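Coordinates in review
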Amino acid sequence: MRAEIKDNFFPHGMFNQIVEDSQHSWETRPFIFLYKDLKNSFYTKDCVNFISVLFNKKFNLYRSLYHAMVPGSRFKIHKDSKNSTHTCLLFVNPNWKPTWNGGTFFGEESNEYIQFKPNRMILMECDQYHSGSSFSSEATDFRYQVVWHLNKL
């Protein structure tokens, strides 16, 4: 797996804004999840600049989005957009319990796993197979995740 993982990625104020945004303005999509494009400058400029600095790489944004999964969601193994070089995944739900699982698998055989942890950021190259893991029916909330599709400059 070619990924970098950073815990407690965003400062408290930025992370709280991301959490607050998880509470409204969702669209429903197929495969039992909620979705929204993130087009305001907080996500398209502030967050992308912060990501560039903390990973010591210069990126520009192709697309940013928010999605939420419910218990029982099915996740398909996939590679990300051919229109970007990197993907950043931010695990959001601040009340998530480790026993609920809900992390991300990597590899065609899903043989590597990164546990869901609030404010954990994963930076990976877009040509990697990955899939969200199913999670416990004991979960009392959605599995929230922000995704940035980026191009390295």
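For the structure, check the block above.
The sections below set out a description of the structure shown in this document.

Parameters at a glance
- Residues numbered from 1 in each chain as written.
- Predicted model: local features only at pLDDT ≥ 70, side-chain atom pairs only at ≥ 80, totals over all residues.
- Heavy atoms only, no water.
- Phe/Tyr/Trp six-rings, centres within 6.5 Å; stacked < 30°, edge-to-face > 60°.
- Buried < 20%, exposed > 50% of the residue type's maximum accessible area, 1.4 Å probe, protein only.
- Lys NZ or Arg CZ within 6 Å of the ring centre and 35° of its normal.
- Helix = DSSP H or I, 4+ residues; strand = E, 2+ residues; numbered from the N terminus.
- Expected span 1.5 Å × (residues − 1).
- Bend = angle between axes of the 7 residues up to and from the residue.
- Contact = heavy atoms within 4.5 Å.
- Pairing = 2+ DSSP bridges.
- Axes fitted to C-alpha atoms, helices over the stretch in contact; angles between N-to-C directions.
- Core = buried A, V, L, I, M, F, W, Y, C linked by side-chain atoms within 4.5 Å.

Quick notes on the packing of aromatic side chains
Considering all chains together, one arrives at 16 aromatic pairs under this definition. Ring geometry for phenylalanine 42 versus tyrosine 43: centroids 4.9 Å apart, planes at 85°, classification edge-to-face. Residue classification places phenylalanine 42 among the buried residues on the basis of a relative accessible area of 8%. The exposure class of tyrosine 43 is buried, given its relative accessible area of 0%. Taken together through their ring pairs, the aromatic side chains of Phe9, Phe10, Phe42, Tyr43, Phe50, Phe55 and Trp148 make up a single cluster. Sitting over the ring of tryptophan 26, lysine 36 keeps its end group 4.6 Å from the ring centre. A cation over an aromatic ring shows up here: lysine 36 above the ring of tyrosine 66, its NZ or CZ 5.4 Å from the ring centre.

Some points on helix 2 (residues 41–55)
Taking 1.5 Å per residue, 15 residues should reach 21 Å; helix 2 reaches 20 Å between its end C-alpha atoms and fits that length. The largest bend in helix 2 amounts to roughly 30° and is located at cysteine 47. For helix 2, the full list of buried residues reads Phe42, Tyr43, Cys47, Val48, Ile51, Ser52 and Phe55. In this structure, the buried side of helix 2 is in contact with strand 1 (3–6), helix 1 (12–21), strand 4 (59–69), strand 5 (86–91), strand 8 (120–125) and strand 10 (143–152). Asparagine 56 sits one or two residues past helix 2 and shows a positive phi near 55°.

Side note on the environment of phenylalanine 9
Mapping phenylalanine 9 onto the fold places it in the loop between strand 1 and helix 1. Other than its neighbours up to four places away in sequence, phenylalanine 9 contacts Phe50, Ile51, Leu54, Phe55, Asn119 and Met121.

Some details on the sheet that holds strand 7 (residues 112–114)
With antiparallel pairing, the 3 strands of this open sheet are ordered in space as 7-6-9. A single partner strand is all that each edge strand has here, and the edge strands are strand 7 and strand 9 (130–132). Between one strand and the next, the sheet's axes are offset by a mean angle of 25°, whatever the strand orientation. Sheet analysis places strand 6 (residues 104–106) next to strand 7, joined by 3 bridges and oriented antiparallel. Bridge assignment links threonine 104 to a residue of strand 7, and that residue is isoleucine 114.

Regarding the nonpolar core
Grouped together as the largest cluster of nonpolar side chains are 26 residues, with contacts concentrated most on Phe10, Ile51 and Trp148. Every element with two or more residues in this core is listed here: helix 1, helix 2, strand 4, strand 5, strand 8 and strand 10. Per-element tally for this core: the top contributor is helix 2, with 6 residues. Ignoring sequence-local partners within four residues, the contact set of phenylalanine 10 consists of Phe15, Ile18, Cys47, Phe50, Ile51, Leu90, Asn119, Met121 and Trp148. Counting 16 residues, the second-largest nonpolar core is a separate cluster that includes Phe91, Met124, Ala139 and Val147.

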